[in-house]
Amino acid sequence: MGYTKTAILMAAMTALFMGLGYLLGGQGGMLIALVVAGAMNLFGWWNSDKAVLRMHGAREVTEAEAPAYVGMVREMALRAGMPVPKCYIIETDQPNAFATGRNPQNAAVAATTGLLARLSPEEVAGVMAHELAHIRNHDTLIMTVTATFAGAISMLANFALFFGNRERQGGLIGTLVLMILAPMAAGLVQMAISRTREYEADRAGAEICGQPLWLASALGKIEAFAQRIDNPAAEQNPASAHMFIINPLHAHAHDKLFSTHPNTQNRIAALRAMVGEAPRAAVDAGPSRVPRVRRAARKGPWS
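Quantities reported herein were computed from a predicted structural model and do not represent experimental measurements. (Residues numbered from 1 in each chain as written. Predicted model: local features only at pLDDT ≥ 70, side-chain atom pairs only at ≥ 80, totals over all residues. Heavy atoms only, no water.)

Trainee: Would you mind showing me how to read the pairing of strand S2 (residues 86-90) here?
Mentor: Where a strand is regular, its side chains alternate between the two sheet faces. The element S2 is extensively covered by neighbouring structure, given that 4 of its 5 residues are classed as buried. With 5 bridges connecting them, S2 and strand S4 (residues 106-112) associate as parallel partners. The residue bridging Cys87 from the neighbouring strand is Val109, located in S4. (Buried < 20%, exposed > 50% of the residue type's maximum accessible area, 1.4 Å probe, protein only. Helix = DSSP H or I, 4+ residues; strand = E, 2+ residues; numbered from the N terminus. Pairing = 2+ DSSP bridges.)

In structure tokens:
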């Protein structure tokens, strides 16, 4: 169902883009819009990972530098049957994480120092499994394409003000309405796609780590910390907020029209439903499935 909804929303985004191009310049404008979209998506597909990692000051680490963190990511990747991504650390006290990359063979996961310091090894494993699910599901590509489409629609809407055919039905007023509503509609579709992919990554990530309650516990903690701890790089680059597992901005996002993330309590409820509404204490019950992380933790959590 998640993939069907994403496909429908992507089709809506494409139709909006093509329709705007047609209104701007007829069939020729629609063709130009298609070419521009293809070029922008190709550029974004190739460069988005490097740009976002640089934007947040992410530093690549090896297993020699962070054995528990990198070792655990490797273990989760092997469970998921996918290539091991590069591992990055972001120096900020707010617990959070994201994944990026144009495909599973050229992907990276990034965790903040706050995430590695404030969450338990099991919770970090749940978070990394979620990010690996995004990579395996090609969500990083989907979100790059939708973000590029949204930006291109805004660009075309601005062009319409100066170059649009005002002799068409609606004239100048119609053009102004189009310039305002088209980017808003594109943004809404982009946010809806983002919310859909988060739910799907929660489900797949829980399956990868084998413990839905690890991720459920992590989501609750991350949201609580994110509401009171700043993430300066994210605040300076709010367009990247949708990439994080929890909204890094102080927006207190809910399942509303302009939210890039689903309501955290709804996500937790869905994860708990995967284990039949098990009690919260079950998060720490039973033998650990990440022994490598526990052994490293005795020497120092993630170093």
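Trainee: Sorry, what's going on with the side chain of Thr92 here?
Mentor: By the element assignment, Thr92 lies in the loop between S2 and strand S3 (97-103). Excluding its chain neighbours within four sequence positions, the residues that come into contact with Thr92 are Thr112, Thr113, Gly114, Asp230, Asn231 and Pro232. (Contact = heavy atoms within 4.5 Å.)

Trainee: How should unusual backbone geometry be read in this particular structure?
Mentor: Phi at His138 takes a positive value of approximately 60 degrees, unusual for a residue other than glycine. In this fold, His138 is placed in the loop between helix H4 (121-136) and helix H5 (139-163). Looking at His138, the relative accessible area reads 36%, which means it is partly exposed.

Trainee: Looking at this structure, how should I read the pattern of salt bridges?
Mentor: Oppositely charged side chains are able to pair whenever their charged atoms sit close together. According to the stated counting rule, one finds 11 salt bridges in the structure shown. Here Arg59 makes a salt bridge to Glu65, at a shortest N to O gap of 4.0 Å. Its salt-bridge partner being Glu198, residue Arg267 comes within 3.2 Å of it at the nearest N-O pair. Of this pair, Arg267 sits in helix H9 (residues 264-273) while Glu198 sits in helix H6 (residues 171-209), placing them 69 residues apart in sequence. In terms of burial, Arg267 and Glu198 fall into one category: buried. Members of the salt-bridge network, linked through shared partners, are Arg59, Glu65 and Glu91. (Salt bridge = Lys/Arg side-chain N within 4 Å of Asp/Glu carboxyl O.)

Trainee: What should I look at first to understand the sheet that holds S3 in this one?
Mentor: Two strands in a sheet stick together by hydrogen bonds in their backbones, pointing the same way (parallel) or opposite ways (antiparallel). Read across the open sheet, the 4 strands follow the order S1-S2-S4-S3; overall the sheet is mixed. Either end of the sheet is taken by a strand with one partner, and the two such strands are strand S1 (59-61) and S3. Going from strand to strand, the sheet's axes swing by 30 degrees on average, the running direction of each strand aside. The pairing of S1 with S2 spans 3 bridges and is classified as antiparallel. Bridge pairing in S2 places Val61 opposite Cys87. Across the face of the sheet, helix H2 (residues 67-80) comes into contact with S1, S2 and S4 while running at roughly 135 degrees to S2. (Axes fitted to C-alpha atoms, helices over the stretch in contact; angles between N-to-C directions.)

Trainee: Where do I start with the packing of aromatic side chains in this structure?
Mentor: This model, assessed by the stated rule, comprises 1 aromatic pair. Seen in terms of ring centroids, Phe98 and Phe244 are 5.0 Å apart; in terms of plane orientation they differ by 75 degrees. Their pairing is edge-to-face. A residue pair is termed long-range when its members are at least 10 positions apart, and Phe98 in strand S3 and Phe244 in the loop between helix H8 (232-236) and H9 qualify at 146 residues. Owing to a relative accessible area of 1%, Phe98 belongs among the buried residues under this scheme. (Phe/Tyr/Trp six-rings, centres within 6.5 Å; stacked < 30°, edge-to-face > 60°.)

Trainee: Before we go on, may I ask you to explain the environment of Thr196 in this structure?
Mentor: Within the fold, Thr196 resides in helix H6. C-alpha separation for the pair Thr196 and Pro262, spaced 66 residues apart in sequence, amounts to 8.0 Å.

Trainee: Just checking my understanding: could you explain the nonpolar core for this structure?
Mentor: Buried together is how nonpolar side chains tend to be arranged in soluble globular proteins. Ranked by size, the top nonpolar core spans 45 residues in total, and within it Tyr69, Val109, Leu115, Val127 and Met128 carry the most contacts. Apart from the residues lying within four places of it in its own chain, the contact partners of Val109 are Tyr69, Val73, Pro85, Lys86, Cys87, Tyr88, Phe98, Ala99, Met128, Glu131, Leu132 and Ile135. In this structure, Leu53, Phe98, Ala108 and Ala110 belong to the second largest nonpolar core, which totals 10 residues. (Core = buried A, V, L, I, M, F, W, Y, C linked by side-chain atoms within 4.5 Å.)

Trainee: I'm lost on H9 in this one. Help?
Mentor: A turn of α-helix holds 3.6 residues, and therefore any two residues three or four places apart point the same way. Residues of H9 that are buried include every one of Thr264, Arg267, Ile268, Leu271 and Arg272, and no others. Along the axis of H9, the buried positions cluster into a sector of 135 degrees, meaning they face one direction only. Two to three positions downstream of the cap, the backbone nitrogen of Gln265 sits 2.8 Å from a side-chain oxygen, assigning the N-cap of H9 to Asn263. (Arc of directions from axis to C-beta. Polar contact = N/O pair within 3.5 Å; in protein donor to acceptor, adjacent residues only side chain to side chain.)

Trainee: Any chance you could explain H4 here in plain terms?
Mentor: The terminal C-alpha atoms of H4 lie 22 Å apart, and with 16 residues this matches the ideal 22 Å at 1.5 Å per residue to within 8%. Positive backbone phi, approximately 60 degrees, marks His138, located one or two places after H4. (Expected span 1.5 Å × (residues − 1).)

It is worth stressing that arrangement in space is one thing and function is another; only the former is reported here.
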